[in-house]
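# Observations on the model geometry
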Amino acid sequence: MRPSHQCPFPPSDTDRTQIWEMLVPRDIAAFVAADWSMVADDFKSDGFYAIDARKSDDPDAWQMMFPNLDAYRDEWIGQAIAAQKIGYAQDLYDGVFRATRLEKIDITGNRALVRKHFNGRIKKADGSEDRLLWKTHYYCEKQDTGKWLITGFTGYLPNHDPAK
């Protein structure tokens, strides 16, 4: 982790710190490297599923895009490889990190609802930019070992935060 990328939770809050480390610096680093093996152990494969909210406020428009972890992994790898082919005018890790906020984690028993917001722009070498503007709500479960795992998520929720 780079020094400027500090966890917003105190070190004494080990559960939230572990979840933040999993879903922010490790997730971003894996995506930029297009290396699923860096995050593969962060998911609970049995029963995993994910919903694509399609940036819509209307839940009737949402779709079950990933009925299992393999489907999500394949899409994740495809997006990561595509991102590697884009010429960015700035460091991709730093750009994604600046656009990412994860400051609210609700924990009840061994379950957590984690809210990750994306709101930023990453400049491309051709002068255009990638706009990151959505929210993802992750569902996590603490295992008997003490490790938190992602059991699913609802992603690409609309983000109505002020533009950056």
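Numbering of residues begins from 1 in every chain and follows the order in which that chain's sequence is written. Note on the predicted model: pLDDT of at least 70 is required for a residue's local features to be given, and 80 or more for side-chain atom pairs to be given and counted; whole-chain, interface and lining totals, by contrast, use all residues. For the side-chain quantities, the full set of heavy atoms in the structure was used; hydrogens and water were omitted.

### Describing the nonpolar core
Here the nonpolar core consists of buried residues drawn from Ala, Val, Leu, Ile, Met, Phe, Trp, Tyr and Cys, with membership extended through side-chain atoms lying within 4.5 Å. Here the term buried applies to any residue with accessible area under 20% of the maximum for its type, exposed to any over 50%, and partly exposed to those in between, with areas from a 1.4 Å probe on protein chains only. Among the nonpolar cores identified, the biggest contains 39 residues, and Leu23, Tyr72, Val114 and Cys140 are the most heavily contacted of them. Starting at the N terminus, helices and strands are each numbered in turn, a helix being any DSSP run of H or I of at least four residues and a strand any DSSP run of E of at least two. It is helix α1 (residues 14–33) that provides the largest number of residues to this core, a total of seven residues. Discounting residues that sit within four places of it in the chain, Leu23 has contacts with Leu102, Val114, Lys116, Tyr138, Cys140 and Ile150. Note on definitions: a residue-residue contact is assigned when non-hydrogen atoms from the two residues lie within 4.5 Å.

### Comments concerning the packing of aromatic side chains
Any two rings among Phe, Tyr and Trp, with Trp reduced to its six-membered ring, count as a pair given centres within 6.5 Å; such a pair is stacked if its planes are under 30 degrees apart, edge-to-face if over 60, and tilted if neither. For the coordinates displayed, the defined rule picks out 16 aromatic pairs. For the ring pair Trp36 and Phe43, a centre distance of 5.1 Å and an interplane angle of 20° mean the geometry is stacked. Given the relative accessible area of 12%, Trp36 is considered buried. Ring geometry for Phe43 against Phe48: centres 5.7 Å apart, planes inclined by 80°, an arrangement best described as edge-to-face. By relative accessible area, Phe43 is classed as buried at 11%. Judged by its relative accessible area of 2%, Phe48 falls in the buried class. Taken together, the aromatic side chains of Phe31, Trp36, Phe43, Phe48, Phe66, Tyr72, Trp76, Tyr138 and Phe153 make up a single cluster linked through ring pairs.

### A few points about the side chain of Ser56
Position of Ser56 relative to the elements: it lies in the loop between β1 (49–52) and β2 (63–66). According to the relative accessible area criterion, Ser56 is buried, its value standing at 18%. Polar contacts here mean pairs of N or O atoms no more than 3.5 Å apart (in protein, one a potential hydrogen donor and the other a potential acceptor; neighbouring residues in sequence count only if both atoms are side-chain atoms). Engagement of the side chain of Ser56 in a polar contact is seen with the backbone nitrogen of Asp58, the distance being 3.0 Å. When neighbours within four sequence positions are excluded, Ser56 is seen to be in contact with Ala61, Trp62, Tyr156 and Pro158.

### Focus: the pairing of strand β6 (residues 148–157)
β6 sits mainly inside the fold: nine of its 10 residues count as buried. The sheet contact formed by β1 and β6 spans four bridges and is parallel. What sits directly across from Tyr49, in β6, is Gly152. Two elements, strand β5 (residues 129–142) and β6, share seven bridges in a ladder whose sense is antiparallel. Its bridge partner being in β6, Tyr138 is matched across the sheet by Phe153. The hairpin turn running from β5 into β6, its antiparallel successor, is five residues long, and Gly146 in that turn takes a positive phi close to 95°. Here, a strand pair is defined by DSSP locating no fewer than two bridges between the strands.

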